[in-house]
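Letter by letter, the chains look like this.
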Amino acid sequence: MKNKTVKMVLAVVVLGVCCGAYAGVKTYVAHQEQKESEEDSEESTTVFTASTDNIKSLDFMVDDTETTFEKDDDSWVKKDETDFPVNQTTLDSAASAIASVDSDRVLEDVDDLSEYGLDSPSNTIKIVTKSDEEDGDDITTTLYVGDENSSTSQYYVRKDDDEKTVYLIDSSCVEPFTKSLNDYAQMEDFPAISNTDTITKISVDGDNSYELSKDEDTSIWSVKGSEDEEKADSATVSSLVSSFGSMAYSSLADYKCDDKSKYGLDKPYATITVDYQEEVADDDTQDDTTASGETADEDASSVEENSDDAEQDTESDESVSETTDETSENSDSASDNEDSSEEETKMADKQLTILVGNETDDSSRYVMVNDSNEVYTMSTDTLSALTDKSEEDFWDMTVSYVSLNSLGSLKVNYQGSDYKVNVSRETSTDDDGNDTETVTYKLNGSDLDETTFITFYNKLINMTAQKRLTDKYEPDGDAELTATFTEEDGDTQEVAYYSYDTNYYAAVVDNKVYLVNKMSVKELFTAFESVVGTEEDSSDKTDSDEATTDDTKSDSTDMPSESIEESDDSTSETAGITNDSDTSEEENTDSQETDSTEE
């Protein structure tokens, strides 16, 4: 038992000694590796160096195919395909990256290249440079690229026929040679429309087809799809129109497409067509100017001949001759100015066509533009603003807008009672010839406070809906408020407000049904009640100072139709006293609307 104990103690002692020795060796090795690493970092080995001007060609693997780009004068070309649109900047950058290759760690006497991925290189870069000697042969240097050391962002490479030496070089020397072929092609710029204000039509043909068009006279946009043409929301269209000024490609997919079906462009997901105008040089301007100059010279010559004849007839005509000569010189000078003037321009009709194809793997779609045979990718977000819309998305949500400037009368039925507002305009001219327009409003024949009415009217014509109903709508009950506009030219428009649910009122205009926020409609009702209250106060003064508001309201609302018609007739006669001075009328009324809106 004692011997076993002694042996056990000895074993523990030996184990302790071994552990101590192991720790010491490990520390020593780590110290040596650190020392070697520091020495390596202090020294740098040149693997390859050359002037970028002396590099004649670069040969490397692109998409698993050996590809050569060579210099033709000062431009890079693809050796086997001279019409390939080489991106000069990309190739210049690649040449600069490989022109100076250094290594901060060199592995010598390497027995197994597979440890570094150099038994089957991921890329082979051949660099052909001019000889330093004038008549010397070109020099070819080959770098074989192996695995990447991810911890140091370096690549293992070997050079030429030396299979025993491996270099670690920075990834910046290798990465310019790891792109796909299209990355070395020069992308065209998307033909963005510089002046989007000249766009007059946008049509989208796809799952959701629609057409936006701008009226040349009023600049108002309309939208048409499967339904009738309607006024479009100006803000929504404006945002879409402006996007054509900043559209851009994401990447080049095919610089010479010979099979559209590969990208879904033979049967496009959507076709976008844009009509616009662009400023171009007027080719006829120079000819016209030259012709004009020749005519001026001929006229001047004729004047000179006439003045010479006059000088022979009488000495007193010498002054006329001098004047005529001056006129001739001025004509020649004007002609010279015309000839030297800048070339004039004109607006030409243009059309942009975008074919939209399949989706890619990076949230893009393939596109082809106009007659180009190049295929690009474009952001899905950019395209969806056009392709994923329908006519409903562009509908104008203004319920019923009639400018106060053109309003002749307004009939309102509110909670079963009828009211009519007549608008009268009278223009007077002061001693200085300045016109002043006076606008008056009468409710059921009685004077109406202008501010109160305009406040209500602005709420009525600026009412906007949250959405439109496309299904057939059958009102449940009578309308709470119906307003009928009659413009001075006789055009009419009617809107009726029905209670729809807890959130909305249904505003019906012709065959359109708008859902309007209930609180906004309640505010409209309150504003109209103020209008009625103002009319009642005016009636109080006429009927009796002691009459109550309720009595006055009863007298007003229960007025026989004949009396109302008579009142309307007299008001109409007053309203007929108008003036055609549109400028004064618009300025005055616009000012009223603006002030009311601010309040």
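Criteria and cut-off values
Residues numbered from 1 in each chain as written. Predicted model: local features only at pLDDT ≥ 70, side-chain atom pairs only at ≥ 80, totals over all residues. Heavy atoms only, no water. Helix = DSSP H or I, 4+ residues; strand = E, 2+ residues; numbered from the N terminus. Buried < 20%, exposed > 50% of the residue type's maximum accessible area, 1.4 Å probe, protein only. Contact = heavy atoms within 4.5 Å. Areas by Shrake-Rupley, 256 points an atom, 1.4 Å probe, with all protein chains shown as cover. Pairing = 2+ DSSP bridges. Phe/Tyr/Trp six-rings, centres within 6.5 Å; stacked < 30°, edge-to-face > 60°. Lys NZ or Arg CZ within 6 Å of the ring centre and 35° of its normal. Arc of directions from axis to C-beta. Polar contact = N/O pair within 3.5 Å; in protein donor to acceptor, adjacent residues only side chain to side chain. Core = buried A, V, L, I, M, F, W, Y, C linked by side-chain atoms within 4.5 Å. Salt bridge = Lys/Arg side-chain N within 4 Å of Asp/Glu carboxyl O.

**Q** It is not clear to me how the overall build of the chain should be interpreted in this structure. Could you clarify?
**A** Per the secondary structure count, the chain includes 11 helices and 27 strands. Burial status across the chain gives 37% buried among its 599 residues. Considering only intrachain contacts with a sequence separation of at least 6, the fraction spanning at least 24 residues in the chain is 62%. In the form shown here, the chain has an accessible surface area of approximately 35,000 Å², with 40% of it arising from carbon and sulfur atoms.

**Q** Just checking my understanding: could you explain the pairing of strand β26 (residues 504-509) for this structure?
**A** Within a regular strand, side chains alternate between the sheet's two faces. Across the six residues of β26, six count as buried, placing the element largely inside the fold. Bridge count for β26 against strand β27 (residues 512-517) is six bridges, and the pairing is antiparallel. Counterpart to A506 in the pairing with β27 is L515. As consecutive antiparallel partners, β26 and β27 are separated by two residues, and within that stretch D510 has a phi angle of approximately 55°, a positive value.

**Q** When you look at the packing of aromatic side chains in this model, what are you seeing that I'm missing?
**A** Each pair of aromatic rings is reported with the distance of its centres and the angle of its planes. What the rule picks out here adds up to 22 aromatic pairs. Taken together, a centroid distance of 3.9 Å and an interplanar angle of 10° make the contact between Y249 and Y376 stacked. Separated by 127 residues along the polypeptide, Y249 in the loop between α3 (234-243) and β14 (251-254) and Y376 in strand β18 (residues 375-379) bring together distant segments of the chain. Taken as a pair, Y249 and Y376 share a single burial class, namely buried. Put simply, the rings of Y414, Y419, Y441, F453, F456, Y457, F485, Y505, F525 and F528 touch in pairs and so form one group of aromatic residues. Over the aromatic face of W395 sits the side chain of R468, whose NZ or CZ is 3.8 Å from the ring centroid. One cation-aromatic arrangement involves R468 over Y514; the distance from NZ or CZ to the ring centre is 5.4 Å.

**Q** What's the story with helix α6 (residues 380-387) in this structure? I'm lost.
**A** Given 3.6 residues to a turn, an α-helix orients residues that are three or four positions apart in the same direction. Within the span of α6, buried status applies to T380, L383, S384, L386 and T387. Down the axis, α6 shows its buried residues gathered within 160° of arc, on one side only. Here α6 starts with a cap whose side-chain oxygen sits 3.2 Å from the backbone nitrogen of D381, and that cap is S379.

**Q** Is there a simple way to think about the nonpolar core in this case?
**A** Grouped burial of nonpolar side chains is what soluble globular proteins tend to show. If you look at the biggest cluster of nonpolar residues, it comprises 102 residues, and the most contacted ones within it are L58, L410 and Y497. Counting residues per element, this core draws most heavily on helix α8 (residues 518-543), at seven residues. If we ignore the near neighbours within four places in the chain, the residues touching L410 are Y419, K420, V421, F453, F456, Y457, L460, A483, T484 and F485.

**Q** I tried to follow the environment of T387 on my own but got confused; where do I start?
**A** Checked against the element boundaries, T387 lands in helix α6. Of the residues examined, T387 reaches a relative accessible area of 7% and is grouped as buried. Remark: the alpha-carbon pair of T387 and S209, spanning 178 residues in sequence, is separated by 8.3 Å. Among the polar contacts made by the side chain of T387, one reaches the side chain of D388 at a distance of 3.3 Å.

**Q** Explanation requested: the pattern of salt bridges in the structure shown.
**A** Any two side chains of opposite charge can pair, given that their charged atoms come close. In the structure shown here, the tally under the stated rule is 13 salt bridges. For R468, the salt bridge identified is with E230, shortest N-O distance 2.9 Å. Of this pair, R468 sits in strand β23 (residues 467-469) while E230 sits in strand β13 (residues 230-231), and the two are 238 residues apart along the sequence. The residue K442 makes a salt bridge to D447 at a minimum N-O spacing of 2.6 Å.

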